Amino acid sequence: MLARVQAPEGEGRDILDAATREVIGRAPEQTAADLDDAIARAKAAQPAWEARGHAERAELLLKVADAIDTNAEGLARLLSREQGKPLNGPNARFELGACSAWLRTAATTPLEPEVLVDDGQVHAELHYRAIGVVGAISPWNWPLMITIWQVAPSLRMGNTVVTKPSEYTPLSVLALISVMNEVLPADVLIGISGGREIGARLSSHPDIDKVMFTGSTATGRKIVEASAGNLARLTLEMGGNDAGIVLPGVDAAAIAQDLFWGAFINTGQTCAALKRLYVHDSVYDEVVDALKAVAEQTPMGPGLDEANVLGPLQNKQQFDIVNRLVEDAKANGGRVVTGGAPASDLGELFYPITLVADVTDGMAIVDEEQFGPTLPIIRYTDVEDAIANANRLDVGLGASVWGDRDQARTVAARIQAGTVWINSHGGVHPMIPFGGVKGSGYGLEFGVEGLKSVAVPQIING
Ligand code: NAD
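As recorded by an unreviewed UniProt entry, the chain carries the name Aldehyde dehydrogenase and is attributed to Microbacterium mangrovi. Note on the chain: under the UniProt heading Sequence similarities (unreviewed entry), the record states "Belongs to the aldehyde dehydrogenase family."

Our focus in this paragraph is the site of the ligand. Neighbouring the ligand are 30 residues, the closest being E167, S216, T219, C271 and E369. Here an oxygen atom of the ligand sits 2.9 Å away from a polar atom, N or O, in the side chain of K164. Taking T219, its side chain carries an N or O atom lying 2.7 Å from an oxygen atom of the ligand. Burial of the ligand by the surrounding chains reaches 94%, relative to a free accessible area of 850 Å². Those elements that place two or more of their residues in the shell around the ligand are α7 (196-204), β8 (210-214) and α8 (217-230). The leading source of residues in the shell around the ligand is α7, at four residues. Partitioned by chemical class, the residues of the shell around the ligand number 13 nonpolar, 11 polar and six charged. Each of domain 1 (2-238 + 437-461) and domain 2 (242-422) gives at least three residues to the shell around the ligand.

Along the polypeptide, K275 turns up in strand β11 (residues 274-280). According to the relative accessible area criterion, K275 is buried, its value standing at 1%. Those residues in contact with K275, other than ones at most four positions away along the chain, are G240, N241, D242, T270, E369, Q370, F371, L375 and P376.

Below, the discussion takes up the nonpolar core. One finds I68, L96, L103, I148, L155, M180 and L184 to be the most contacted residues of the largest nonpolar core, which totals 62 residues. Elements represented by at least two residues in this core include exactly β2 (23-27), α2 (53-70), α3 (72-83), α4 (92-108), β4 (123-130), β5 (133-137), α5 (143-156) and α6 (170-180). In this structure, this core is formed jointly by two domains, domain 1 (2-238 + 437-461) and domain 2 (242-422), each of which donates at least three residues. With residues up to four places along the chain from it excluded, the contact list for L155 reads W49, R57, L61, T160, V161, L184 and V188. Grouped together as the second largest cluster of nonpolar side chains are 32 residues, A252, F260, V337 and A357 included.

A few words now on the pairing of strand β14 (residues 374-380). Judged by how many residues are buried, β14 sits mostly within the fold: six of seven residues are covered. With four bridges joining them, strand β13 (residues 354-357) and β14 adopt parallel strand pairing. Within the sheet, the bridge partner assigned to A357 lies in β14 and is I377.

Following the UniProt record, the feature "domain: Aldehyde dehydrogenase" (unreviewed entry) maps to residues 13-454 here. With 42% helix and 20% strand, residues 13-454 has end C-alpha atoms that lie 33 Å from one another.

With respect to topology, six strands assemble into an open sheet ordered β7-β6-β5-β8-β9-β19, the strand pairing being mixed. In this open sheet, the two strands that pair with only one neighbour each are β7 (189-191) and β19 (441-442). Bridging between β8 and strand β9 (residues 233-237) involves five bridges; their strand directions are parallel. Bridging from a neighbouring strand, F213 pairs with L236 of β9. Against the sheet, α7 makes contact with β5, β6 (160-164) and β8, and its axis sits at roughly 150° relative to β5, the strand it touches most.

Here the domain parsing of the chain yields domain 1 (2-238 + 437-461) and domain 2 (242-422). The C-alpha centroid of domain 2 is placed 30 Å from the C-alpha centroid of domain 1. Taken together, the contact between domain 1 and domain 2 spans 28 residues of the former and 34 residues of the latter. Where domain 1 meets domain 2, there are two salt bridges. Here E306 makes a salt bridge to R93, at a shortest N to O gap of 2.9 Å. Where domain 1 packs against domain 2, one counts 18 residue pairs in polar contact (both at pLDDT 80 or more). Ranked by the residues each element gives to the side of domain 1 that touches domain 2, the list is headed by α3, at five residues. By residue class, the composition of the side of domain 1 that touches domain 2 is 10 nonpolar, 10 polar and eight charged.

Conventions used here
- Throughout this document, residue positions are counted from 1 along each chain, in the order its sequence is written.
- Owing to the predicted nature of the model, reporting of local features is limited to residues with pLDDT of at least 70; listing and counting of side-chain atom pairs is limited to 80 or more, with chain, interface and lining totals taken over all residues.
- The side-chain quantities take in all heavy atoms of the structure and omit both hydrogens and water.
- UniProt positions are given in the numbering used here, feature names are shortened, and annotations may be inferred rather than shown by experiment.
- By convention in these notes, a residue is near a molecule or strand provided one of its non-hydrogen atoms lies within 4 Å of it.
- In the analysis that follows, any N or O atom pair within 3.5 Å is treated as a polar contact, provided that within protein one partner can donate a hydrogen and the other can accept it, and provided that, for residues neighboring in sequence, both atoms belong to side chains.
- Here the Shrake-Rupley method, with its probe set to 1.4 Å, supplies the accessible areas, and only the displayed protein chains count as covering residues.
- Strands here are runs of E lasting at least two residues and helices are runs of H or I lasting at least four, both read from the DSSP assignment and numbered beginning at the N terminus.
- Residue polarity is assigned by list, with Asp, Glu, Lys and Arg as charged and Ala, Val, Leu, Ile, Met, Phe, Trp, Tyr, Cys and Pro as nonpolar; anything else, Gly included, falls into the polar class.
- Here the limits of each domain have been adopted from an automatic or database domain assignment.
- The buried label goes to any residue with under 20% of its type's maximum accessible area, the exposed label to any with over 50%, and the partly exposed label to all in between, with areas taken from a 1.4 Å probe on protein chains only.
- The contact criterion used is simple: two residues touch if any of their non-hydrogen atoms lie within 4.5 Å.
- In this text, buried Ala, Val, Leu, Ile, Met, Phe, Trp, Tyr and Cys residues form a nonpolar core when linked through side-chain atoms within 4.5 Å.
- For two strands to be treated as a pair, DSSP must find at least two bridges joining them.
- Fitting a line to C-alpha atoms yields each axis, with helices limited to the stretch in contact; the angle taken between N-to-C directions then spans 0 to 180 degrees.
- Each salt bridge in this description consists of a side-chain nitrogen of Lys or Arg and a carboxyl oxygen of Asp or Glu lying within 4 Å of one another.

As structure tokens, this is what we get:
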């Protein structure tokens, strides 16, 4: 079983183990002609896939989920090496579990036609039909789970999909697709390995009807521009800089674990991670100390070591961003509570959990998305200031408020973000819609709304 989830052999680009920097495989570099051929095949396969109907597609997708479960350990090990995330903790094995869970929900969630008017004279219904060929473009942080988030609802609704993984994490996604394609009919799901140019060509191709994109805001803007040409519908899940607000009166020790994982799930490389923490003056020191205690007890190291739950940065570019932001904070008066310099003893891309206290809005570590294992902790005295600062940036993916539930809900209603969690941060659920506001994108994934977003509405009147 495991043989077929090994990295593909042959020509291509070396892919390194994120922790050890050993070559683990070679990613094929596919050409524009390969992409055009893939889109043509997906387009040809789409009508027959749609014609199978919901029940048959659901049955096949449930079998795909079973195949992923059967291959989960092999896929998790490849993911762990390529992406860097440890097997344990909310990491590689957890990601594989999410893949099959999301597939099963996308397969089985009902989406019935709605009767809009039925007054004896007019009978009008709203149905949801397949769009056509979906282009799915994914990032390197949760490469398998995000691919499934894009692909599963698209297939369920009768679309075919051409999917392009990040150039940083192609091997695990191609392995996942090969497992899925042992169940699916030919050309319903096609993986294409390549860089930014292939992503650009996919999103602008005239035969692409919908683009599901997860990645940076800068790339998302280019996809919006490309959509002027092919009028592809878009779902854009982009960067964030999620604020957390800790209200007075919290029990710091009781919330420390949840705060920690809200910020540092996947070693901080998570779109909806807690990226700037506003803590009321009355509990500031306790919260900082409690977070420090958790950080210093949480093991970091190579992902295949069962003891570790934190790993390296996935790539040098992201490592350099984290290092730059911490150095800038230090130079501008930030107080490093723990961490603060590369963990070179662990390997080239390891950076320790770094808590930076006594920072303020306007500093780069607060204003820019770090997407890694560092958290700025900002002191406030008036919750109005914390709310204003939370809303100050031009992104709005997630946010959280910590404290008395009723007070927290009142604050939550005033935060500009697609999701506001109360006393937790970042948890997603296959039936709860997820999406951003402002520069974090538009469109919703998951649940019934997610199915609608990969379909076109059609009115049957009469
Ligand atoms: P990225 O935008 O650099 O790359 C994402 C994907 O887009 C890759 O597959 C890349 O090859 C492709 N791409 C690059 N240029 C393109 C173009 N011109 N046209 C089409 N595709 C193109 O992002 P990344 O560095 O891989 O991911 C990190 C970012 O993603 C962070 O900002 C993070 O917050 C965000 N993210 C958001 C979510 C979410 O759900 N909102 C989830 C994960 C990551």
